[in-house]
Amino acid sequence: MHDAIVRLIVVYADACGLSNTYASRRLTGSGDTITRLRAGAGLTLRRAEKITQTASDHWPLATPWPADIPRPEPAPDSPALREHAKRVDDPLAAVEALIDELDGLMTSGRWDAAQAAELRMFKVAGTLGDDGRIKSPKALCRALGARRSVYEDVCKRYSRGRAGRARPRQGSDAARMLALLEQSGDERFRAGSREAA
């Protein structure tokens, strides 16, 4: 139980770019919880459950919860559930949050985690609306670091029914935009829905 609490605090600290002491203060109310637990201090079951619940309520959406530690459901009004709802409803807010996370991971040299965050960002940017098209072109452009005019040009030039169009130059913003639109399943760019270029 002690090791699980220490690991939750450390993983949370890493995910949020915080010191272990500050993360401990946030989750337990005391900055020296890790030190005391590692030194053999006791921890009641009730206190461990409260810390675990607090961690669950504040756990960053982009960070996997440790698989071997049972996670209690976040409280209905918790920051974790609010963040999840915001990301589902607003891809731009989700992309902005993931860009911030990505910057922090790259600054700290956590390249594997940064690559995973970038993949999540592109997946969120490719969220489709009820009409089968990209829900937020602004989020897509923000994720790719491209201007809105690139999105509009790609839609005009490469959507289905545009026979004879050569693909954009490899590595260009237009090529990256087109690839993400196709991968997202946007009905205008689905494989087979465009005539061969």
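Refer to the preceding data block for the structure.
Residues numbered from 1 in each chain as written. Predicted model: local features only at pLDDT ≥ 70, side-chain atom pairs only at ≥ 80, totals over all residues. Heavy atoms only, no water.

All right, on to helix H6 (residues 91-107) then. For H6, built from 17 residues, the straight-helix expectation of 24 Å at 1.5 Å per residue is met to within 8% by its first-to-last C-alpha distance of 24 Å. Listed as buried for H6 are Pro91, Ala94, Val95, Leu98, Ile99, Glu101, Leu102 and Leu105. (Helix = DSSP H or I, 4+ residues; strand = E, 2+ residues; numbered from the N terminus. Expected span 1.5 Å × (residues − 1). Buried < 20%, exposed > 50% of the residue type's maximum accessible area, 1.4 Å probe, protein only.)

Looking now at the packing of H6 against helix H8 (residues 137-144). One way to put it is that H6 packs onto H8 with a least axis distance of 8 Å and a crossing angle of 15°. As far as their axial angle goes, H8 and H6 are roughly parallel. With respect to the hand of their crossing, H6 and H8 are arranged in left-handed fashion. The segment H6 lies against H8, with Pro91, Leu92, Val95, Glu96 and Ile99 engaging Lys138, Ala139, Arg142 and Ala143. Looking at the contact of H6 with H8 residue by residue, the classes come out as six nonpolar, no polar and three charged. (Axes fitted to C-alpha atoms, helices over the stretch in contact; angles between N-to-C directions. Parallel < 35°, antiparallel > 145°, perpendicular 65-115°, else oblique. Left-handed = near helix turned anticlockwise from the far one by under 90°. Contact = heavy atoms within 4.5 Å. Nonpolar A, V, L, I, M, F, W, Y, C, P; charged D, E, K, R; others polar.)

The next point concerns the side chain of threonine 54. Checked against the element boundaries, threonine 54 lands in helix H4 (residues 45-58). Residue classification places threonine 54 among the buried residues on the basis of a relative accessible area of 19%. Setting aside chain neighbours within four positions, we find threonine 54 in contact with Arg26 and Leu27.

For the rest of this paragraph, the subject is the pattern of salt bridges. Counted by the stated rule, this structure contains nine salt bridges. When the shortest N-O distance is used, the salt bridge between arginine 133 and glutamate 187 registers 3.0 Å. Of the two residues, arginine 133 is situated in the loop between helix H7 (111-125) and H8 and glutamate 187 in the segment after helix H10 (173-184); the sequence distance between them amounts to 54 residues. Residues arginine 176 and aspartate 173 are paired through a salt bridge, measuring 3.1 Å at the closest nitrogen-oxygen approach. One end of the pair is arginine 176 and the other is aspartate 173, both in helix H10 and three residues apart, which spans about a single turn. Judged by its relative accessible area of 33%, arginine 176 falls in the partly exposed class. (Salt bridge = Lys/Arg side-chain N within 4 Å of Asp/Glu carboxyl O.)

We describe a pair of aromatic rings using the distance from one ring centre to the other and the angle between the two ring planes. Within the structure shown, the criterion is met by two aromatic pairs. Measuring from ring centre to ring centre gives 6.1 Å for tyrosine 12 and tryptophan 59, while their planes differ by 45°; the resulting arrangement is tilted. Separated by 47 residues along the polypeptide, tyrosine 12 in helix H1 (residues 2-16) and tryptophan 59 in the loop between H4 and helix H5 (79-89) bring together distant segments of the chain. (Phe/Tyr/Trp six-rings, centres within 6.5 Å; stacked < 30°, edge-to-face > 60°.)

Moving on: the packing of H6 against H7. As a packed pair, H6 and H7 sit with axes 9 Å apart at the nearest point and diverge in direction by 170°. Between H6 and H7, the angle falls in the class roughly antiparallel. Together, Pro91, Ala94, Val95, Leu98, Ile99, Glu101, Leu102, Leu105 and Met106 of H6 and Trp111, Ala113, Ala114, Ala117, Glu118, Arg120, Met121, Val124 and Ala125 of H7 make up the contact between the two elements. Grouping the constituent residues of the contact of H6 with H7 by class yields 15 nonpolar, no polar and three charged.

Further remarks concern the environment of proline 91. Structurally, proline 91 is set in helix H6. Relative accessible area serves as the criterion here: at 4%, proline 91 is assigned to the buried category. For proline 91 and lysine 135, which are 44 residues apart along the polypeptide, the C-alpha to C-alpha distance reads 7.5 Å. Non-local contacts of proline 91, meaning those with residues more than four positions away in its chain, are made with Val124, Thr127, Lys135, Ser136 and Ala139.

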